[in-house]
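For reference, the chains in residue letters:
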Amino acid sequence: MQGKLPVLPGALPTLRDWSDHMTTAFPEVRLKKYLEMRGADGGPWSRLCALPAFWVGLLYDDTALDAAWDLVRDFTLAERHALRDGVPKHAMNLPLRAGSVRDLAREAVKISVEGLKRRGARNADGQDESKFLDVLQEIVESGLTPAERKLALFHGRWHGDVDPVFREFAY
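Residues numbered from 1 in each chain as written. Predicted model: local features only at pLDDT ≥ 70, side-chain atom pairs only at ≥ 80, totals over all residues. Heavy atoms only, no water.

- Looking at an unreviewed UniProt entry, the chain carries the name glutamate--cysteine ligase, with the source organism given as Rhizopus delemar.

Right, here's the structure in full:
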């Protein structure tokens, strides 16, 4: 035991204890040795790569990063709070300045697509990573989020029954 301090009951927590404890918190983004984005590991196969690709397109290309910053740099604290509080209820229909969140989403996805194209990482078929954003472009163009589609089914064809979601949307 030479060179090691004994662990005593009631000893002060260590930095390692704090780090372990912080893994139990689930904010929208966690800073680790990388940025961990909430929601990036959920959803069906068709959307699994969309969120990580979106962020790669924005953050790994200087031109895209600058364009994304220009898009939001002058948002006031009140606007940021309105987005945080309003998007869960109104999704892309939330009014924002002279348009809506849908307009912001459309522009953000466009910036990310351009960033991924400039990045130039290609698969064996020669497709760049922007293909992963096709599903996000479809969502933005339709104006309906996956949650809104499920709510429409719940209030429509499913007649208020939640059980069909487990059959129709099993991953």
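**As for the overall build of the chain**
Okay, so step 1: A count of helices and strands for the chain gives eight helices and four strands.
Okay, so step 2: Along the chain, from the amino end to the carboxyl end, the secondary structure elements read α-β-β-α-α-α-β-β-α-α-α-α.
Okay, so step 3: At 21 Å, the chain has a C-alpha radius of gyration far larger than the 16 Å of a compact globule built from 171 residues.
Okay, so step 4: Overall, the chain is about 65 × 45 × 45 Å in size when its C-alpha atoms are taken along their principal axes.
Okay, so step 5: When burial is assessed residue by residue, the chain has 26% of its 171 residues classed as buried. (Helix = DSSP H or I, 4+ residues; strand = E, 2+ residues; numbered from the N terminus. Rg over C-alpha atoms; globule rule 2.2 N^0.38 Å. Buried < 20%, exposed > 50% of the residue type's maximum accessible area, 1.4 Å probe, protein only.)

**Some details on the packing of helix α2 (residues 50–59) against helix α3 (residues 62–72)**
Okay, so step 1: Interaxial distance between α2 and α3 falls to 6 Å at its minimum, and their mutual angle equals 95°. It follows that α2 is roughly perpendicular to α3 by the angle criterion. Facing Gly 57, Leu 58 and Leu 59 of α2, the residues of α3 in contact are Ala 64, Leu 65 and Ala 68.
Okay, so step 2: Each residue belonging to the contact of α2 with α3 can be placed in one class, and the counts come to five nonpolar, one polar and no charged. (Axes fitted to C-alpha atoms, helices over the stretch in contact; angles between N-to-C directions. Parallel < 35°, antiparallel > 145°, perpendicular 65-115°, else oblique. Contact = heavy atoms within 4.5 Å. Nonpolar A, V, L, I, M, F, W, Y, C, P; charged D, E, K, R; others polar.)

**With respect to the packing of aromatic side chains**
Okay, so step 1: Tallied over the full model, the rule gives two aromatic pairs.
Okay, so step 2: When the ring of Phe 54 is compared with that of Trp 55, the centres are 5.3 Å apart and the planes differ by 75°; the resulting orientation is edge-to-face.
Okay, so step 3: Each ring, one from Trp 158 and one from Phe 169, has its centre 6.2 Å from the other, and the planes form 75°; the classification is edge-to-face. Here Phe 169 lies in the segment after α8 (164–168) and Trp 158 lies in the loop between α7 (146–155) and α8, a separation of eleven residues in the sequence.
Okay, so step 4: You can call Trp 158 buried: its relative accessible area is 7%.
Okay, so step 5: Given a relative accessible area of 27%, Phe 169 falls into the partly exposed group.
Okay, so step 6: The ring centre of Phe 169 lies 4.4 Å from the NZ or CZ of Lys 150, which sits over that ring. (Phe/Tyr/Trp six-rings, centres within 6.5 Å; stacked < 30°, edge-to-face > 60°. Lys NZ or Arg CZ within 6 Å of the ring centre and 35° of its normal.)

**Some remarks on the environment of Gly 43**
Okay, so step 1: Within the element layout of this structure, Gly 43 appears in the loop between β2 (35–37) and α2.
Okay, so step 2: Taking the relative accessible area as the measure of exposure, Gly 43 reaches 27% and is therefore partly exposed.
Okay, so step 3: A C-alpha to C-alpha distance of 25 Å links Gly 43 and Ala 68, two positions 25 residues apart in sequence.

**Notes on the pattern of salt bridges**
Okay, so step 1: Under the counting rule described, the total for this entry stands at eleven salt bridges.
Okay, so step 2: With a shortest N-O distance of 3.7 Å, Asp 20 and Arg 16 are connected by a salt bridge. Of this pair, Asp 20 and Arg 16 both sit in helix α1 (residues 15–22), four residues apart, which is roughly one turn of that helix.
Okay, so step 3: Given the relative accessible area of 38%, Asp 20 is considered partly exposed.
Okay, so step 4: Judged by relative accessible area, Arg 16 falls into the exposed class, the value being 61%.
Okay, so step 5: Notably, a salt bridge pairs Arg 122 with Asp 128, separated by 3.8 Å at the nearest N-O pair.
Okay, so step 6: Asp 128 gets classed as buried once you look at its relative accessible area, which sits at 11%.
Okay, so step 7: Here the residues in one salt-bridge network are Asp 74, Glu 79 and Arg 97, joined through shared partners. (Salt bridge = Lys/Arg side-chain N within 4 Å of Asp/Glu carboxyl O.)

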